[in-house]
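This is what each chain is made of:
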There are 2 protein chains.
Amino acid sequence: MKILQAQLAVSSSKDEVFQAVDEVCQQAVKEDASLLALPEMFCCPYETDKFPVYAEKEGGDVWTRCSELAKKYNIYLSAGSVPELGEAGEVYNTAYVFDRQGNQIAKHRKMHLFDIDIKGGQYFKESDTLTAGKDITVFDTEFGTMGLCICYDFRFPELARLMVLKGAKVILVPAAFNTTTGPRHWELMFRAQAMFNQCFVIGTSSAQNLADTYHSWGHSIVADPWGKVISQMDEKEGCQIVDLDLAEADRVRQQLPLLKHRRTDLYTLEEK
Amino acid sequence: MKILQAQLAVSSSKDEVFQAVDEVCQQAVKEDASLLALPEMFCCPYETDKFPVYAEKEGGDVWTRCSELAKKYNIYLSAGSVPELGEAGEVYNTAYVFDRQGNQIAKHRKMHLFDIDIKGGQYFKESDTLTAGKDITVFDTEFGTMGLCICYDFRFPELARLMVLKGAKVILVPAAFNTTTGPRHWELMFRAQAMFNQCFVIGTSSAQNLADTYHSWGHSIVADPWGKVISQMDEKEGCQIVDLDLAEADRVRQQLPLLKHRRTDLYTLEEK
């Protein structure tokens with residue numbers, strides 16, 4: 001299963017962004033990729049006060065463009081994340097996934113909001129304008145079951161484990177770490193979640209632009225079920241293609257049966 | 001709080017081992033260390049058929065020697081782990097901790113047994129001769145609350161998290177990875193558990209001896225609540241001293257409030 005990750009530049013123009021997405025779709029088809037992964041907030045500046053401005057309902061313009069591209073290019077599209085307008089006017093950080101026919105097959109609303117205040121480093125409070133989701137998201141594809149969460153969600157071992165217990169062998173993570181947390185934790189977090197859960201992890205980030213107020217770390221990454229980095233980008237705009245053999249997750253779980261060895265007689269981890 | 005980790009050579013002679021432990025106790029006192037940490041199975045060859053042979057009841061000879069050394073040198077002693085003989089003749093992989101007066105203040109029986117069969121790599125089945133423990137272990141010291149587990153236990157995010165939720169700001173892990181899993185996962189696992197749980201982690205391994213049947217990875221390690229390695233040894237016999245500021249755990253948890261941001265309304269992790 002080939003995936004293409006597009007580390008897109010953030011732009012305030014939807015048309016500009018979708019021009020770029022169309023181009024990477026063409027590249028994905030050319031490279032025979034089955035899934036295209038986009039970054040967190042790929043068509044909205046990563047600024048809390050912009051989320052309500054750019055928010056659209058499910059089925060809105062951005063959603064429709066994504067669905068149409070998936071169908072047009074006959075490709076699974078993990079459409080990064082976008083600000084979603086809820087029924088009561090609330091705003092979510094939402095990730096959609098479309099199948100090759102353009103049907104929405106997964107939707108995840110970021111359930112852990114990124115509120116951080118590091119001394120001498122990053123200040124950011126998503127909760128200023130966003131509402132948190134409340135569902136754990138896994139979905140089926142022709143390649144197997146996948147999990148889906150967004151950036152800060154992936155810092156919580158409980159969520160990754162629950163997705164894996166629901167069958168995920170691949171976890172898709174549209175994300176945008178910054179230049180404070182990126183060098184400290186980005187690669188470590190992806191490798192660790194892959195190792196503990198013996199699954200593939202796919203972290204797709206926006207590209208870094210020092211003219212933006214939020215400096216994305218970039219470094220889109222794929223790690224395998226041993227926790228080894230298969231491929232990682234730098235901070236610049238671009239793409240990478242990675243070929244995954246999902247049966248490797250089964251082989252690793254057989255040789256080192258971590259999931260089987262969990263002491264579920266002594267502790268329980270459950271979705272409420 | 002200064003700790004001294006002793007990466008001891010495995011020996012089949014108890015007297016030889018305790019001669020070495022006495023020497024590191026003296027070094028610890030000289031260096032003003034408050035805690036001495038020893039490796040997993042520090043006075044028994046790491047071979048499943050040796051565990052029943054070397055097993056002693058709590059309060060037996062090895063236990064008494066450890067207690068006496070802690071008292072004699074007025075030091076906290078995390079006495080690695082030893083094969084413990086249970087009431088019904090069963091054998092555990094057990095870690096004891098003694099306070100400065102030689103009182104046992106913690107006891108952990110390895111609760112995840114290491115049964116592994118890696119293609120072209122390591123085969124080892126602790127469950128051939130060992131019985132698994134069933135308790136999560138934290139204990140109080142003059143420096144704060146600490147957690148205690150053994151080697152393979154630390155591969156389970158559930159256990160580390162539960163120790164931290166019970167107050168641990170330091171987790172002691174007597175361990176002995178091997179030359180298959182060591183290079184792949186040793187440092188990654190310690191850094192990751194420290195990062196996810198925002199605590200200090202202290203992994204103390206036996207030294208590598210290629211004449212042994214089990215080739216220990218060594219590399220005794222300390223990582224801080226940011227997931228950064230403070231100090232790591234190579235595979236050879238020796239010691240390292242690390243100075244910890246436990247208040248750093250509180251500072252990290254304040255700046256990046258991962259523990260507070262857990263969605264306990266959506267998932268639960270509990271000790272049974």
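Look above for the structure.
Attention here is on the structure that accompanies the text. (Residues numbered from 1 in each chain as written. Chains lettered and ligands numbered in written order. Predicted model: local features only at pLDDT ≥ 70, side-chain atom pairs only at ≥ 80, totals over all residues. Heavy atoms only, no water.)

1. A closer look at the overall build of chain A
Scanning chain A from terminus to terminus reveals seven helices and 16 strands. Taking 19 Å as the expected radius of gyration for a compact globule of 272 residues, we find that chain A reaches 17 Å, a close match to that expectation. For chain A, the spread of C-alpha atoms along the three principal axes comes to 50 × 45 × 35 Å. Out of the 272 residues belonging to chain A, those deemed buried represent 63%. Long-range pairs, those at least 24 residues apart, make up 68% of the contacts in chain A between residues at least 6 apart in sequence. Carbon and sulfur atoms form 45% of the exposed surface of chain A, whose accessible area is close to 9,800 Å². Taken as two groups, the 29 positive and 39 negative side-chain charges of chain A have centres that lie 5 Å from each other. (Helix = DSSP H or I, 4+ residues; strand = E, 2+ residues; numbered from the N terminus. Rg over C-alpha atoms; globule rule 2.2 N^0.38 Å. Buried < 20%, exposed > 50% of the residue type's maximum accessible area, 1.4 Å probe, protein only. Contact = heavy atoms within 4.5 Å. Areas by Shrake-Rupley, 256 points an atom, 1.4 Å probe, with all protein chains shown as cover. Lys, Arg positive; Asp, Glu negative; His and termini not counted. Charge placed at Lys NZ, Arg CZ, Asp CG, Glu CD.)

2. Some details on the interface of chain A and chain B
On the side of chain B, 46 residues touch chain A, which itself brings 46 residues to the contact. Taken over both partners, the interface formed by chain A and chain B buries close to 4,500 Å², and the fraction arising from carbon and sulfur atoms is 63%. Among the ionic pairs, Glu 158 of chain B bridges to Arg 161 of chain A, the shortest N-O distance being 2.7 Å. The interface formed by chain A and chain B holds 20 residue pairs in polar contact (both at pLDDT 80 or more) in total. Every element with two or more residues in the side of chain A that touches chain B is listed here: strand 7 (115-117), helix 4 (157-165), helix 5 (181-197), helix 7 (258-261) and strand 16 (267-271) of chain A. (Buried area = accessible area lost by both parts, 1.4 Å probe. Salt bridge = Lys/Arg side-chain N within 4 Å of Asp/Glu carboxyl O. Polar contact = N/O pair within 3.5 Å; in protein donor to acceptor, adjacent residues only side chain to side chain.)

3. A word on the packing of helix 1 (residues 14-30) of chain A against helix 3 (residues 61-72) of chain A
Residue and element names in this part refer to chain A. For the pair helix 1 and helix 3, interaxial distance at closest approach is 11 Å and the crossing angle is 15°. By the criterion of interaxial angle, the relationship of helix 1 to helix 3 is roughly parallel. Judged by the twist between their axes, the crossing of helix 1 over helix 3 is right-handed. Mapping the contact onto sequence places Lys 14, Asp 15, Phe 18, Val 21, Asp 22 and Cys 25 in helix 1 and Asp 61, Val 62, Arg 65, Cys 66, Leu 69 and Lys 72 in helix 3. (Axes fitted to C-alpha atoms, helices over the stretch in contact; angles between N-to-C directions. Parallel < 35°, antiparallel > 145°, perpendicular 65-115°, else oblique. Left-handed = near helix turned anticlockwise from the far one by under 90°.)

4. A look at the relation of the copies chain A and chain B
Once turned by 180° and shifted 0.0 Å along the axis, chain A lies on chain B with an RMSD of 0.0 Å. With respect to symmetry, the two chain copies, as superposed, fit the operation of a two-fold axis. Residue Leu 269 of chain A, judged by its C-alpha, is the member of chain A lying nearest the rotation axis, at 2.2 Å. Most of the interface of chain A is mirrored in chain B, where 100% of its interface residues are also at the interface. (Least-squares fit on C-alpha atoms with pLDDT ≥ 70 in both.)

5. Points about the pairing of strand 12 (residues 200-205) of chain B
All names here are of chain B. With six of its six residues buried, strand 12 lies for the most part within the structure. Residues Phe 200, Ile 202 and Thr 204 of strand 12 are buried on one face, and the alternating residues Val 201, Gly 203 and Ser 205, pointing to the opposite face, are buried as well. Once the chain exits strand 11 (residues 170-175) it traverses helix 5 (residues 181-197) before rejoining the sheet at strand 12, and the crossover so formed is right-handed. Where strand 12 meets strand 13 (residues 221-223), three bridges bridge the pair, whose relative direction is antiparallel. Bridge pairing in strand 13 places Val 201 opposite Ala 223. (Right-handed = clockwise from strand over helix to strand, strands pointing away. Pairing = 2+ DSSP bridges.)

6. Details of empty space enclosed by the protein
Summed over all chains, the structure comprises five cavities of 30 Å³ or more. Put simply, the largest cavity is a space of about 110 Å³. Surrounding the largest cavity, Lys 14, Cys 43, Cys 44, Tyr 54, Glu 56, Lys 57, Val 62, Trp 63, Cys 66, Val 82, Pro 83 and Tyr 96 of chain A form its lining. A per-element tally of the lining of the largest cavity places helix 3 of chain A first, with three residues. When its residues are assigned to classes, the lining of the largest cavity shows nine nonpolar, no polar and three charged. Considering only enclosed or pocket space, the second largest cavity measures out at about 80 Å³ in volume. In this structure, the second largest cavity is lined by Lys 14, Cys 43, Tyr 54, Glu 56, Lys 57, Val 62, Trp 63, Val 82, Pro 83 and Tyr 96 of chain B. For the lining of the second largest cavity, the elements supplying multiple residues, two or more each, are helix 3 (61-72) and strand 4 (82-85) of chain B. (1 Å grid on protein atoms, 1.4 Å probe; cavity = no way out; pocket = protein on both sides within 12 Å on 5 of 7 lines; lining within 4 Å. Points joined across faces, edges and corners; volume = space filled by probe spheres on them. Nonpolar A, V, L, I, M, F, W, Y, C, P; charged D, E, K, R; others polar.)

7. Comments concerning the sheet that holds strand 13 of chain B
Residues and elements named next belong to chain B. Pairing in this open sheet of six strands is mixed, and the strands run 9-10-11-12-13-14 from one edge to the other. At either margin of the open sheet sits one strand with a lone partner, and together these are strand 9 (137-141) and strand 14 (229-232). Along the sheet, successive strands turn relative to each other by an average axial angle of 15°, direction set aside. Relative to the sheet, helix 4 (residues 157-165) contacts strand 9, strand 10 (144-148) and strand 11, its axis offset from that of strand 11 by approximately 140°. In this fold helix 5 packs onto strand 11, strand 12, strand 13 and strand 14, with an angle of close to 155° to the strand it touches most, strand 12.

8. Some words on the pairing of strand 11 (residues 170-175) of chain A
All names here are of chain A. Judged by how many residues are buried, strand 11 sits mostly within the fold: six of six residues are covered. Residues of strand 11 alternate between two faces, with Val 170, Leu 172 and Pro 174 on one and Ile 171, Val 173 and Ala 175 on the opposite face, all of them buried. Relative to strand 11, strand 10 (residues 144-148) runs parallel, the two sharing three bridges. Residue pairing across strands places Met 146 opposite Val 170, the latter belonging to strand 11. Once you follow strand 10 into helix 4 and on to strand 11, the crossover reads as right-handed.

9. What about helix 1 (residues 14-30) of chain B?
Residue and element names in this part refer to chain B. The end-to-end C-alpha distance of helix 1, which contains 17 residues, comes to 24 Å, matching closely the 24 Å that a straight helix rising 1.5 Å per residue would cover. Among all positions in helix 1, only Val 17, Phe 18, Val 21, Asp 22, Val 24, Cys 25 and Ala 28 are buried. Downstream of helix 1 by one or two residues, Asp 32 has phi in the positive range, about 65°. (Expected span 1.5 Å × (residues − 1).)

10. Section: unusual backbone geometry
Residue and element names in this part refer to chain B. Positive phi outside glycine occurs at Asp 32, with the angle close to 65°. The phi torsion at Met 41 lies on the positive side, around 45°, for a residue other than glycine. Within the fold, Met 41 resides in the loop between strand 2 (35-37) and helix 2 (51-54). Met 41 gets classed as buried once you look at its relative accessible area, which sits at 1%.

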